[in-house]
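Topology and contacts: notes
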Amino acid sequence: MNLDVLRLILARLTNADLLKITYVSRALRDEAYDELLTRPIHLHGQTRLRSFFHFVLHDNIHRLSFVRTLTIRDIDVQLQPEEDALVSILNACSNLRSLNLHLCDNLLENHSRVAETIASLTTLTGLSIWLQREGGPGQLIAWNIVLRILSKLKHLRLPLIPFERTTTDLRDLAITHPYLEDLMLHVYIFSAPEVPFQALRSLTLTVEDALPDLQDLETTFPNVRKFVISHYILLDVGDALPPGHMQRHAGGVHAPAGWKSLDYLSATPAIIRVLGITCPVKHLDLGYYDVTLHRAIANIVGFLRPLKLTLNVFCGVPNSGWNLPQAEPSITLHNPSTTWVKHLYIQSGYETMTVPSTANFLSTLRPLVSSSRVELLHIAIGPFFVSNNPEEVVYPPIPMQDDVPEKVKHVDVEEIARGLVQACPFIRTVAISVVMTGHFVWRVERMNGSMEIMRLPSYEGRVRLESEADRLWQTTTSSGESDSATFRM
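Residues numbered from 1 in each chain as written. Predicted model: local features only at pLDDT ≥ 70, side-chain atom pairs only at ≥ 80, totals over all residues. Heavy atoms only, no water.

Another point: helix H4 (residues 46-57). In this model H4 runs 16 Å from its N-terminal to its C-terminal C-alpha over 12 residues, within 8% of the 16 Å that 1.5 Å per residue would give. Every buried residue of H4 is listed here: Gln46, Leu49, Phe52, Phe53, Phe55 and Val56. In this fold, the buried residues of H4 make contact with helix H3 (26-38), strand E1 (41-44) and helix H5 (83-92). (Helix = DSSP H or I, 4+ residues; strand = E, 2+ residues; numbered from the N terminus. Expected span 1.5 Å × (residues − 1). Buried < 20%, exposed > 50% of the residue type's maximum accessible area, 1.4 Å probe, protein only. Contact = heavy atoms within 4.5 Å.)

A few words on the nonpolar core. Core analysis: the biggest nonpolar cluster contains 133 residues, and Leu183, Phe227, Leu265, Leu284 and Ile432 have the highest contact counts within it. Per element, the largest residue contribution to this core is six residues, and it comes from helix H12 (residues 294-304). Apart from the residues within four sequence positions on either side, Leu284 is in contact with Leu265, Ile272, Ile300, Val301, Leu304, Pro306, Lys308, Leu309 and Thr310. (Core = buried A, V, L, I, M, F, W, Y, C linked by side-chain atoms within 4.5 Å.)

Next up on the list: the packing of helix H1 (residues 3-11) against H3. Running from N to C, H1 and H3 point in directions that differ by 50 degrees, and their axes come no closer than 10 Å. Regarding the angle of H1 to H3, the classification is oblique. Seen along the crossing, H1 lies across H3 with a hand that is right-handed. On H3, the residues that touch Leu3, Leu6, Arg7, Leu10 and Ala11 of H1 are Leu28, Glu31, Ala32 and Glu35. Each residue belonging to the contact of H1 with H3 can be placed in one class, and the counts come to six nonpolar, no polar and three charged. (Axes fitted to C-alpha atoms, helices over the stretch in contact; angles between N-to-C directions. Parallel < 35°, antiparallel > 145°, perpendicular 65-115°, else oblique. Left-handed = near helix turned anticlockwise from the far one by under 90°. Nonpolar A, V, L, I, M, F, W, Y, C, P; charged D, E, K, R; others polar.)

A cluster of nonpolar side chains, namely Phe384, Val386 and Ile398, defines an oily patch on the protein surface of about 240 Å² accessible area. When you line up the elements, Ile398 lands in the loop between helix H14 (391-394) and helix H15 (404-408). The partly exposed category is assigned to Ile398, whose relative accessible area is 36%. (Patch = residues over 30% accessible without salt bridge, like charges linked within 9 Å, V, L, I, M, F, W, Y side chains within 5 Å. Areas by Shrake-Rupley, 256 points an atom, 1.4 Å probe, with all protein chains shown as cover. Salt bridge = Lys/Arg side-chain N within 4 Å of Asp/Glu carboxyl O.)

Glancing now at empty space enclosed by the protein. Under the defined criterion, the tally for this structure stands at one cavity of 30 Å³ or more. Of the pockets and cavities examined, the largest cavity occupies roughly 70 Å³. Taken together, 13 residues form the lining of the largest cavity, with Phe384, Phe385, Val386, Glu392 and Val393 sitting closest to its centre. Residues belonging to the lining of the largest cavity are distributed by class as follows: nine nonpolar, three polar and one charged. (1 Å grid on protein atoms, 1.4 Å probe; cavity = no way out; pocket = protein on both sides within 12 Å on 5 of 7 lines; lining within 4 Å. Points joined across faces, edges and corners; volume = space filled by probe spheres on them.)

From the geometry alone we can't say anything about function, so treat these as descriptive.
Take a look at the structure:
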């Protein structure tokens, strides 16, 4: 067989199948090992780390040049005999692009040579350090690695910055890594470092105390297109600034500070209100939908005019004290009403012990859809969600109970899709992603007052979903603004 053809075949096999192939022959073993090492390597816990040591040091260290992504996680013991092996492995990964150290406080605190080796790497473009203990010595070690590392980083995730070093560390970070494009930052209080991150396009910010000033954020990160912010202090919308504080004025003479537009914004309604974000947003993720904030959510959506809206909507069961979402005012129609949300993604969660019925899901979702002009509707069904990625609904990255698929089996996705299409005459495509079950996609055809909803085969459905999302994303949102608009919560 041609070697290129063989490698194409191996590239489509699972890791488990590749490991089986290693027993067939030496030639296949070598090819399978090379393919395995080009894939992201996850070493979760000391046992897997030691197994990897054994594999590499058994005449395979020369293969480490194939490694591009390495994740080491949950190392909570000292590695006295293995420190030399880990240092050798890191040095041998001559083409390593992404290194992730998660919950490895002891690894950094008790093995200085490992920290020094990481700082000496020159090929990294991505580094993620996530610690278990805040305020421990690992926090300072991690920051020293970042500020001394020889690599030109583009993607960086950092632990909590020590309170007294916030301004100096951010300034040093901006100077040391001017090519950063993606930054995940955790601070007590954000303080503008007076040195901008000019290349940064994606910012994920966690704030422990007071929220920052929007002007400081825009000055520090002037070219951000994706902004995710979370706050450790729970804010009620009523705790935010008084109504009328956030206004959009004609001519822009007294317009609020901030970015001119964003491709993606993830924040709660209260945070958006406090910061005073009023620029157009293509994809708005408001997280958990609180029915008591329906009017506030509708007002925020009307201000930001998103093309795509993401919500996490809880679905309860009757007599459980659960309130249905409201249909009016619509949270998908903007002001002016010439534009509207065209892509709606709803994550519908439920209590693990009691899965709602098909009728319960329809009762929950129909009010949000019936008053909309949504063209692409995507529903995710699961007990909880770790991200807004539909793939992580069907294939959860964290363990779930084995009986979850069995519990959700009674939910009729076909009936849900048909009911929602009947509620909204603008829907062209419906997708439903069910936890640990699969993706289901329907195409909707309407003609002369009749409607036909057709479930698509798996591959065709994915193509339809992606093409519709791309088509809508290219749609230019209206830039028209009223002379004066005000948040009314």
